[in-house]
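# Descriptive structure summary
Here are the chains, one letter per residue:
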Amino acid sequence: MKIMLLGAGGQLGREWQIFFKKREHNHILLPYTSAQLDITHASELTDEVRQQQPGVVINCAAYTDVDGAEEQRDLARKVNTDAVGQLGKLSAEMGFILVHYSTDYVFPGEEEDREQFPDGYAEDHPADPVNYYGQTKWEGEQAIRKTTGHHLILRISWLCGAFGSNFVKTMLRLGCQREVLQVVDDQWGSPSFTAEVVRHTWTLLKAEETGTFHSTSRGLITWYDLAEAIFVEKDIDIDVTVKAVPSEAFPTVAERPRFSKLNTQKIESVPGCTVEEWEVGLARLLYQLRK
Ligand SMILES: NC(=O)c1ccc[n+]([C@@H]2O[C@H](COP(=O)([O-])OP(=O)(O)OC[C@H]3O[C@@H](n4cnc5c(N)ncnc54)[C@H](OP(=O)(O)O)[C@@H]3O)[C@@H](O)[C@H]2O)c1
């Protein structure tokens with residue numbers, strides 16, 4: 001099968017490239033970085049997809065700067081909504097399966113929801129994004145659903161992996177530079193690890209599943225919990241104190257949800273889609289980063 005990978009230079013895009021290099025040799029993967037194919041250029045995108053005639057298009061391209069999206073509204077909308085809608089139309093016209101990634105930030109993220117939905121928001125929970133990034137991602141999802149194409153939308157949260165920048169890598173870097181790290185302890189959720197997201201997506205594709213799924217780890221933690229767990233890992237030799245602080249200690253341009261746990265019951269009902277404890281995914285990532 002021929003698979004087009006858009007946004008191939010990002011953290012998830014690079015994880016997909018490794019996956020195909022190591023594990024799946026029976027498929028033709030066509031990776032495109034943003035420089036090779038800008039998904040907001042509708043005619044170039046359309047021409048390339050028509051020329052390649054893929055069986056699957058995996059869209060890892062996104063405008064992911066949550067604070068930047070408040071100011072660069074046009075660009076965020078073009079990448080996260082308009083281009084995604086164009087991919088949906090092409091999927092309906094040409095018959096390829098569109099794989100797309102969305103976010104926990106589509107949900108309202110109210111603090112009270114933590115008590116009401118301790119296992120997280122289910123796929124059909126009403127969306128109500130608290131920031132513009134979340135809004136563009138939600139409208140991107142909807143643009144796909146308006147088309148008749150076959151699609152798989154995976155919502156993920158707190159994405160961490162070996163490539164690009166993410167919370168775990170930032171903590172490791174800052175931990176070597178500072179004696180004390182202040183980390184917020186009033187935003188609740190769970191990390192999605194790129195390797196597991198790729199594994200889930202591939203299992204869903206092979207099972208010919210379509211629709212919307214949540215892919216994240218088991219457990220409900222704060223960023224503070226995640227930071228602390230990094231430095232107590234037995235092979236991490238970094239002497240730093242992690243201090244819990246409220247969100248107000250780090251004012252941000254874009255509002256952040258206080259609770260954004262994704263419920264994973266649906267994906268767990270698909271054979272082969274096991275969901276790991278967050279500590280397992282973290283230990284694996286830290287091991288990978290040490291190699
Ligand atoms: N990171 C998270 O915590 C998180 C959480 C929930 C959901 N998600 C979603 O998960 C997906 C993958 O996220 P990620 O962390 O892997 O993102 P990432 O590392 O920021 O990568 C996004 C990629 O998209 C590319 N891109 C941006 N604009 C483009 C355009 N117009 N045309 C083509 N490519 C373009 C970027 O290229 P350049 O770098 O060259 O601009 C970058 O390589 C996204 O859909 C994101 O919304 C992420």
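Report on the accompanying structure. (Residues numbered from 1 in each chain as written. Predicted model: local features only at pLDDT ≥ 70, side-chain atom pairs only at ≥ 80, totals over all residues.)

Further remarks concern the overall build of the protein chain. What the protein chain contains, in helices and strands, is 11 helices and 12 strands. A compact globule built from 291 residues would reach a C-alpha radius of gyration of about 19 Å, and the protein chain, at 19 Å, matches this within 12%. Projected onto the principal axes, the alpha-carbon positions of the protein chain cover approximately 55 × 40 × 35 Å. The buried share of the protein chain, reckoned over its 291 residues, is 43%. (Helix = DSSP H or I, 4+ residues; strand = E, 2+ residues; numbered from the N terminus. Rg over C-alpha atoms; globule rule 2.2 N^0.38 Å. Buried ≥ 20, exposed ≤ 12 C-beta atoms within 10 Å, placed from the backbone.)

A separate point is the pairing of strand E5 (residues 151–156). Here E5 lies mainly inside the structure; 6 of its 6 residues are buried. Across the two faces of E5 the burial is the same, with His151, Ile153 and Arg155 and Leu152, Leu154 and Ile156 all buried. With 4 bridges joining them, E5 and strand E10 (residues 211–214) adopt parallel strand pairing. If you follow Ile153 over to E10, its bridge partner there is Thr212. (Pairing = 2+ DSSP bridges.)

Next up on the list: the nonpolar core. Residues Leu5, Leu6, Val57, Ile58, Cys60 and Ala227 are the most contacted members of the largest nonpolar core, which totals 69 residues. Here this core gets 6 residues from one element, more than from any other, and that element is helix H4 (residues 73–94). Sequence-distant contacts of Leu6, defined by excluding residues within four places in its chain, comprise Tyr32, Leu37, Ile39, Val57, Ile58, Asn59, Cys60 and Ala61. (Core = buried A, V, L, I, M, F, W, Y, C linked by C-beta atoms within 7 Å. Contact = placed C-beta atoms within 7 Å.)

Moving on, we come to the environment of Ala76. Within the secondary structure layout, Ala76 lies in helix H4. Sequence separation between Ala76 and Asn26 is 50 residues; the distance between their C-alpha atoms is 35 Å. Aside from chain neighbours lying at most four places away, what touches Ala76 is Tyr63, Ala69, Tyr132, Tyr133 and Thr136.

The strand order E2-E1-E3-E4-E5-E10 describes an open sheet built from 6 strands, whose pairing is parallel. In this open sheet, the two edge strands, each paired with only one partner strand, are strand E2 (28–32) and E10. If you compare each strand with its neighbour and ignore which way they point, the axes differ by 20° on average. Inspection of the sheet shows strand E1 (residues 2–6) paired to E2 by 5 bridges, in the parallel sense. Of the residues in E2, the one forming a bridge with Lys2 is Ile28. (Axes fitted to C-alpha atoms, helices over the stretch in contact; angles between N-to-C directions.)

Moving on, we come to the site of the ligand. In the vicinity of the ligand, 25 residues are found, and the nearest of them are Gly7, Gly10, Ser34, Ala61 and Leu159. The set of elements that each furnish at least two residues to the shell around the ligand consists of helix H1 (11–22) and strand E4 (97–103). (Near = placed C-beta within 6 Å.)

A few words now on the environment of Val280. Of note, Val280 is situated in helix H11 (residues 278–290). For Val280, a count of 15 C-beta atoms within 10 Å translates into the label partly exposed. For the pair Val280 and Ser217, spaced 63 residues apart in sequence, the C-alpha to C-alpha distance is 8.9 Å.

Now for H1. Taking 1.5 Å per residue as the helical rise, H1 with its 12 residues ought to reach 16 Å, and the 17 Å between its terminal C-alpha atoms agrees with that figure. By the burial criterion, the buried members of H1 are Gln11, Leu12, Gly13, Arg14, Glu15 and Trp16. Summarising the contacts, the buried residues of H1 are in contact with E1, strand E3 (56–59), E4, strand E6 (159–160) and helix H8 (194–206). (Expected span 1.5 Å × (residues − 1).)

What follows covers the packing of helix H2 (residues 42–52) against H4. Orientation of H2 relative to H4, taken along the N-to-C sense of each, is 30°, at an axis distance of 11 Å. By the criterion of interaxial angle, the relationship of H2 to H4 is roughly parallel. Handedness of the crossing formed by H2 with H4: right-handed. Facing Ala42, Leu45, Thr46 and Val49 of H2, the residues of H4 in contact are Ala83, Gln86, Leu90 and Met94. (Parallel < 35°, antiparallel > 145°, perpendicular 65-115°, else oblique. Left-handed = near helix turned anticlockwise from the far one by under 90°.)

Even without a glycine there, the phi angle at Gln53 is positive, about 50°. Despite not being glycine, Trp158 has its phi angle at roughly 45°, a positive value. Note on Trp158: 24 C-beta atoms within 10 Å, which makes it buried.

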